[in-house]
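Listed below, chain by chain, are the residues.
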Amino acid sequence: MTRTDPDLHAVRDLPPGLADPTDASVSRTWYLLSARQTAAQAGSRHPLLRLLLPIVAAALVGVVTVTAVNLAGPGGVDFAAPQIGTISASHQPLPAEHATHDPSLTRTTPEAIAALEALAHTAEQGTAIVTLAPGQLIHVQTNGWAAHVSEGTGQVKYQPRSIWYDPEGMVPLRLLAGDRDMFGGPRSDLEAEQAQARQFLAEHGPSVLMPTPQWLASLPTDPAQLLARLRGDVTGNDSWAVDHQVWDYMSQVYAECDILLAPQVRAALLRAYAGMDGLTAGEVMVDDTRLVAIRQTDRGTAYEILFDPVTAWAVGRRTIDVSGTLNLTSAGSTPVFNPLVAYHATWTQTIVSSTDES
Amino acid sequence: MLTTDSGPPEVAEPPPDPADVGAVFDRYARDLLRYATQRVGEQAAEDVVAQTFLVAYEQRHRFDPARGDLLPWLYGICTNLLRRQRRTEVRNLRLLAAAAARTEHVEAPDARGSERVDAQRSVARVARALAGLPRRQRDVLLLFAVAELEYAEIAAALGIPLGSVRSALHRARTKIKSALAAGGPR
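Scoring rules and cut-offs
Residues numbered from 1 in each chain as written. Chains lettered and ligands numbered in written order. Predicted model: local features only at pLDDT ≥ 70, side-chain atom pairs only at ≥ 80, totals over all residues. Helix = DSSP H or I, 4+ residues; strand = E, 2+ residues; numbered from the N terminus. Buried ≥ 20, exposed ≤ 12 C-beta atoms within 10 Å, placed from the backbone. Contact = placed C-beta atoms within 7 Å. Nonpolar A, V, L, I, M, F, W, Y, C, P; charged D, E, K, R; others polar. Axes fitted to C-alpha atoms, helices over the stretch in contact; angles between N-to-C directions. Parallel < 35°, antiparallel > 145°, perpendicular 65-115°, else oblique. Left-handed = near helix turned anticlockwise from the far one by under 90°. Core = buried A, V, L, I, M, F, W, Y, C linked by C-beta atoms within 7 Å. Expected span 1.5 Å × (residues − 1).

Novice: Just checking my understanding: could you explain the overall build of chain A for this structure?
Specialist: The secondary structure content of chain A amounts to nine helices and 15 strands. Within chain A, the fraction of its 358 residues that count as buried is 48%. Of the contacts made within chain A by residues no fewer than 6 positions apart, 68% connect residues no fewer than 24 positions apart.

Novice: Honestly, the environment of Thr79 of chain B in this entry has me stumped. Any pointers?
Specialist: Residue and element names in this part refer to chain B. Note that Thr79 resides in helix α3 (residues 70-82). In this structure Thr79 comes out as buried when scored by C-beta crowding, with 24 C-beta atoms within 10 Å. Between the alpha carbons of Thr79 and Leu143 there is a distance of 8.7 Å; along the sequence they are 64 residues apart. Setting aside residues no more than four positions away along its own chain, Thr79 makes contact with Asp139, Leu143, Ala157 and Leu158.

Novice: What should I look at first to understand the interface of chain A and chain B in this one?
Specialist: You'll often see interface size given as the accessible area lost when the parts meet. Listed per partner, the contact involves 34 residues of chain A and 38 residues of chain B. Elements that contribute at least two residues to the side of chain A that touches chain B include exactly α1 (6-12), α2 (23-41), α3 (54-60) and β4 (137-150) of chain A. When residues of the side of chain A that touches chain B are assigned to their parent elements, the largest contribution, nine residues, is made by α2 of chain A. Here the residues of the side of chain A that touches chain B are counted per class, giving 21 nonpolar, five polar and eight charged.

Novice: I'm lost on the packing of helix α2 (residues 42-58) of chain B against α3 of chain B in this one. Help?
Specialist: Angle between the axes and distance between the axes: these two values describe a pair of packed helices. Residue and element names in this part refer to chain B. For the pair α2 and α3, the least separation of the axes is 9 Å and the interaxial angle reads 125°. Relative to α3, the element α2 lies oblique. Where α2 crosses over α3, the handedness of that crossing is right-handed. Within the contact between the two elements, α2 uses Val48, Val49, Gln51, Thr52, Val55 and Ala56 and α3 uses Leu74, Ile77, Cys78, Leu81 and Leu82.

Novice: Explanation requested: the nonpolar core in the structure shown.
Specialist: Inside soluble globular proteins, nonpolar side chains tend to come together where they are buried. Leu119, Leu270, Ile294 and Phe307 of chain A are the most contacted members of the largest nonpolar core, which has 80 residues in total. With nine residues, helix α8 (residues 242-257) of chain A is the single largest residue contributor to this core. In terms of nonpolar packing, the next biggest core, distinct from the first, is built from 60 residues, Cys78, Val123, Leu143 and Val165 of chain B among them.

Novice: Is there a simple way to explain α8 of chain A in this structure?
Specialist: Helical geometry note: an α-helix holds 3.6 residues per turn, so side chains three or four residues apart project in the same direction. In this model α8 of chain A runs 22 Å from its N-terminal to its C-terminal C-alpha over 16 residues, within 8% of the 22 Å that 1.5 Å per residue would give. Within α8 of chain A, 16 of the 16 residues are buried, which leaves the element mostly enclosed by the surrounding structure.

Novice: Help me understand unusual backbone geometry, please; the structure alone is not making it clear to me.
Specialist: As a rule of thumb, non-glycine residues mostly have phi less than zero, and peptide bonds are mostly trans rather than cis. Residues and elements named next belong to chain A. For the peptide bond that leads from Leu14 to Pro15, omega is -15°, which places it in the cis range. Topologically, Pro15 is positioned in the loop between α1 and α2. The step from Asn338 to Pro339 runs through a cis peptide bond, and the omega angle for that step is 0°. As for its placement among the helices and strands, Pro339 is situated in the loop between β14 (336-338) and β15 (343-352). Positioned with a positive phi, Arg299 is a non-glycine residue whose angle comes to about 55°. If you trace the backbone, Arg299 turns up in the loop between β10 (289-298) and β11 (301-307).

As far as function goes, none of this settles anything; it's purely spatial.
Dropping the structure here:
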């Protein structure tokens, strides 16, 4: 308090005895913010608005990484400690032609369609089907790097995350950032937030926003029907193209529960994407391991989903500023990113019995 | 050898990204709650502040760091939202003035009691004066006195010229000073 004139002091002291905001007041405010955003989502969804759900936000804030890829168990890829030398990427340019379905986007390239078909062919050869027993959870170990953006400049830092999801709606139950419990702290009211998320699920049902194992299993395997279903789930936002929102939401679905996808549904999803607009193809090399990158671009923002070409599993995602307005710097010497991106993450998913198990 | 107890100079933490709602909330929620609670009470303040962060997120592309910091911008949104609560704010001030005014005719039994009575009389006068201020003058005064914004920050927050801030603040402070002086030594 730097202004001590008597009149200002008198104004500031009204009403007498008013204390500083309590932790409870701060928590209630955060809860209100979350609840209000959830209500808004029912009618208008934006790719980033889910970040306002605190438990999901905490799970997503700066997820990132990649490491040596070691293919293991169904739906999962095991990543060792991030001892990576180089993460390099190459990607085809956006085509000049506009899409016919949504002229605000570019047409999906033949290369992207071919890459998706190759992945779909691989996916449908799979046999692994994960069935959850009652009470089982999904544990996702995510390694990544995220840009902390300020005034047009982002410093890319390593940020590990370990998340346990209730598969009914993919409600986060526990979140660790290294050893730090991200659900602790003054603005955390975990029980209330989880109850609110479950109420949202009960009221609106499962969708691409809050998938359940039953919802994933019920998805149509006809690519056209499937794409129509996904597009129907994300309508109502004029700020971003529908296909951009579908891609963003699907990247989150993969990040939470790729392990639950049955081979036929996985293949159908990949073929459904071929009907979307704005997709291009590329590859990401994590040292010597090649991943297929399918990118959706809407104006200056591009989201990539990274697929393992050996299994067709989704194993990571990236955010790229294609407008060129974001100046990125690296906070560490390794790995060397070529090029540096705003967000890069890969994950490992396992089925566990409790939040103490990983 | 000279020694010092002071540690290394503090490095200002960079402002959070407006798109990172959690980080923005963590940094500024208490400031906004303190400001809004003083104006409309705790319950309404929580509602207004939650809405402030929602609006800020939805309009984050309109935030221009070249025109000022994030916190004054948030205060501007919050102040605009508080205008919907004008009746609540004025009613609270009048209730406060009325409650404090009950002491106007109380005779203090001793010196300490006399100080307390004088303080309550001041509260009544300031609350009454605040309730009577035009909306803009009250906004400017509270952003200056409670939020401790600079003139230019208030101008940016409210979207008004710097000169208007100066004149509104001068008029508001004059009225508050007059209200305080009206009590004078008894």
